[in-house]
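Examining the three-dimensional arrangement
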Amino acid sequence: MTHHQHPPQKRLLLTATVCTLLASSSTALHAETIDGVLEKGATWSSLFTVSGESGDSIGQIFRNQSALGKTILAHCLQGMPCQIEQGQRRPLEGQVPQKFSSQAMGWYDITAGRNPRMTSAIYNTRQAVGTRQGPLVIAEDNTLRLRGKPILPHVQGNNFLSIVMDYSIGNQDVILLQNTGGSACPALYQFIIVQAGSVKATPDFGSCSDIIYPRWDGQHTITIDMLGYSGPMGSEKEQRQAAMSKETYRYAQGRVMFQGKEIK
């Protein structure tokens, strides 16, 4: 029987090829979608998220001046949810290189990723929610009803009406609605305030963007950050500029404020 042996150079080439293939397979297996709310720092920035397994806050850092960091910061705004496709991260070794205002129980270093973009913090909308005064339901005719009766003043959706968040604030149930429209104005928002003996609705508000980040301070104030929006009639430059701007609305005690003025 004849035995064939590869020359040393060929053996080295085969070994290198195998290692490359194994590394590529490992990289592909560990690629994942990475998301979190952006906190921009002086040298490092982080995407903060919550672990789906433990519920702990997680910080995912990147260096601002790296190629990846420059791309992320060119497409994501401070304080807005940001998502990275085909991302890779590894547990951070040593100390966190910079202090952040947000706290985290665990830290990762983002090492790779593609196509960063801002996303809405609203994932699951509903057509009904329980309140202390009975069920609040969006009926088939796209109207809002409490215990089966239409809300007065009349609340009706454009193309589609949905419940995106609900809060229990004192003796009130406060519900955030999204009224979905068309390309000229994808979405507007409205708060419904339900308490014993009365139901109130705020005026519609918003920039028309459907990318929003609502949060409650646990007391009386709900803050909603959302991207700016320029409709299809605007130029490409206007649309890009609007999509990289942010508007902030605040709800408290039945009123919605924008730039220090109540929306009426």
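It should be noted that the structure appears before, not after, this text.
Report follows, based on the coordinates. (Residues numbered from 1 in each chain as written. Predicted model: local features only at pLDDT ≥ 70, side-chain atom pairs only at ≥ 80, totals over all residues. Heavy atoms only, no water.)

Topic: the state of the cysteines
Formally: Here, two cysteine sulfur atoms that lie within 2.5 Å of each other are counted as a disulfide. Numbering goes from the N terminus for both helices and strands, where a helix is a DSSP run of H or I of at least four residues and a strand is a run of E of at least two.
Scanning the model with the defined rule gives two disulfides in all. Between the sulfur atoms of Cys76 and its disulfide mate Cys82 the distance is 2.1 Å. Handedness here is read from the sign of the S-S torsion; for Cys76 and Cys82, about 60°, the answer is right-handed. Note on cysteine connectivity: Cys185 is disulfide-linked to Cys208, with sulfurs 2.0 Å apart. Between Cys185 and Cys208, the S-S torsion sits near -90°, and that sign places the bridge as left-handed. In this pair, Cys185 is assigned in the loop between β11 (172-180) and β12 (187-195) and Cys208 in the loop between β13 (198-201) and β14 (212-216), connecting sequence segments 23 residues apart. Going through the protein in sequence order and numbering each bonded cysteine, the pairs you get are 1-2, 3-4.

Details of helix α2 (residues 67-75)
Let me state the cut-off plainly: Relative accessible area decides the class of each residue, using a 1.4 Å probe on protein chains only: under 20% of the type maximum gives buried, over 50% gives exposed, and in between gives partly exposed. Here the arc refers to the directions that run from the helix axis out to each C-beta atom. Contacts are residue-level and defined by heavy atoms, with any inter-residue pair within 4.5 Å sufficient.
Listing the buried residues of α2 in full gives Leu68, Gly69 and Ile72. Projection of α2 onto a plane perpendicular to its axis shows the buried side chains occupying an angular sector of 95°, all on one side. Structurally, α2 contributes buried residues whose contacts are with β3 (57-63), β4 (81-91) and β5 (106-118).

Details of the pairing of β14
Two faces make up the sheet, and in a regular strand the side chains alternate between them. Condition: Any two strands with at least two DSSP bridges between them are considered paired.
Looking at chain direction, β14 and strand β15 (residues 221-227) are connected through five bridges and run antiparallel. Along β15, the bridge assignment pairs Trp216 with Ile222.

A few points about the side chain of Gln60
Just so we agree on the cut-off: Contacts described as polar in this section are N or O atom pairs within 3.5 Å, which, within protein, must combine one atom able to donate a hydrogen with one able to accept it, while residues neighboring in sequence count only if both atoms come from side chains.
The residue Gln60 is located in strand β3 in this model. Among the polar contacts listed, one links the side chain of Gln60 to the backbone oxygen of Asp35, at a separation of 3.1 Å. Discounting residues that sit within four places of it in the chain, Gln60 has contacts with Ile34, Asp35, Ser45, Ser46, Leu47, Thr49, Arg89, Tyr108 and Ile110.

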